Amino acid sequence: MDFSLFYFADYGAAAHDRYRLLLDTAQFADTHGFTAVWTPERHFHEFGGQYPNPAVTGAALAMATERIAIRAGSVVAPLHHPARIAEEWSVVDNLSRGRVGVSLASGWHAMDFVLRPENYRDRKEVLTRTVETLRRLWAQEEVAFPDGAGQESKVRIFPPPVQPEMPLWLTSAGSAETFRTAGRLGTGVLTHLIGQEIPDLERNIAAYRAELAAAHGPGTRGHVALMLHTLLGTDREKVREEVREPFGDYLRSSIGLIMKTAAAALPGGIDLERLSPQDREFLVARSFDRYFDTGGLFGTVEDGMDTVRGLRAAGVDEVACLIDFGVPEDRVLEGMHHLNTLRERCADDRMEDRDER
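Residues numbered from 1 in each chain as written. Predicted model: local features only at pLDDT ≥ 70, side-chain atom pairs only at ≥ 80, totals over all residues. Heavy atoms only, no water.

You'll find the protein entered in an unreviewed UniProt entry as Natural product biosynthesis luciferase-like monooxygenase protein, with Streptomyces achromogenes given as the organism.

A. Molecular detail of empty space enclosed by the protein. The final tally for this structure, using the stated rule, is one cavity of 30 Å³ or more. As a volume, the largest cavity reaches approximately 50 Å³. Every residue along the wall of the largest cavity is listed here: Thr230, Leu231, Leu232, Ile323, Val332, Gly335, Met336 and Leu339. Elements supplying a minimum of two residues to the lining of the largest cavity: β9 (224-233) and α11 (329-356). In terms of residue count, the dominant contributor to the lining of the largest cavity is α11 (four residues). For the lining of the largest cavity, the class distribution of residues is six nonpolar, two polar and no charged. (1 Å grid on protein atoms, 1.4 Å probe; cavity = no way out; pocket = protein on both sides within 12 Å on 5 of 7 lines; lining within 4 Å. Points joined across faces, edges and corners; volume = space filled by probe spheres on them. Helix = DSSP H or I, 4+ residues; strand = E, 2+ residues; numbered from the N terminus. Nonpolar A, V, L, I, M, F, W, Y, C, P; charged D, E, K, R; others polar.)

B. Representation of the packing of helix α6 (residues 198-216) against helix α10 (residues 301-314) within the structure. In the contact formed by α6 and α10, the axes pass within 9 Å of each other and the chain directions differ by 35°. Of the residues in α10, those touching α6 at Ile198, Glu202 and Ile205 are Leu311, Ala313 and Ala314. A breakdown of the residues in the contact of α6 with α10 according to their chemical character gives five nonpolar, no polar and one charged. (Axes fitted to C-alpha atoms, helices over the stretch in contact; angles between N-to-C directions. Contact = heavy atoms within 4.5 Å.)

C. Structural context of helix α9 (residues 277-295). All of the buried residues along α9 are Leu283, Val284, Ser287, Phe288, Tyr291, Phe292 and Gly295. Angularly, the buried residues of α9 cover 155° about the axis, an arc narrow enough to put them on a single face. (Buried < 20%, exposed > 50% of the residue type's maximum accessible area, 1.4 Å probe, protein only. Arc of directions from axis to C-beta.)

In structure tokens:
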């Protein structure tokens, strides 16, 4: 099992030092054998809005690290011209000496599409087309696009990337069709447990690998990375109390995103706009309990071992540990040491499994 770090919100960061947690934890991960660092693309909301362009944060990380992979989780493909995506990430690939990877998403929030309103309706089709176009541009092919004079111009990106192929994932909120599409396209999958439980995830991964085998040959495994909110310590109940308030605030700040899923899961569904403050707090409490018990990587290293073994059995290849949900930075950094212990224990556990076979 690979372990990486994932960043999404950090909405409580101090205005004068918004990216300190990102840089400090990325540098820790870089020197302790973690696989990757993922930064997102989010727009026009305090929930994640400090990350509007993962190529920019990726360029900063390229200069602050030496070994770890630098990935976008995700680029919202329909918001951008594919040549621009390829150009930006080729620069980061050069700055990092060949360490980039990109997960592409179709987008979901209509307000984000003020950047490209014409792509909102067909965003899923745009995403699929972007995969092939990016691969061609990354391979230094000339690709024709409409130009300012109404003609088609063939362009090739500069600088040439370091990696011969662009590592790609598709981001899925739990849609089986997105998993199958990723299999047909031969990309990895970046996903989370907001819109699916572990049995759903296992079925989706099986469908993904069936499509991979059909399209790209038997035995093709691909790669599945799962985002999990993460904090580890020495006592499970102490960790529960440490994360209760910041994670509750995090859930409240994301009322239009994460909480929508919790509300939809209740009998008959719920219109969030009509909820009383008391009902909203009930949803926050319900979501917190669910995330802590079954939807995150919380507790002790031993708790983490149990979680990772279950995910490995479901077919997950990488745990992308989402760490920036409001816990004080010093505590997050302390938790990184426990997370590294878990990473080392899981590596040993995997080697023991291989030896037994």
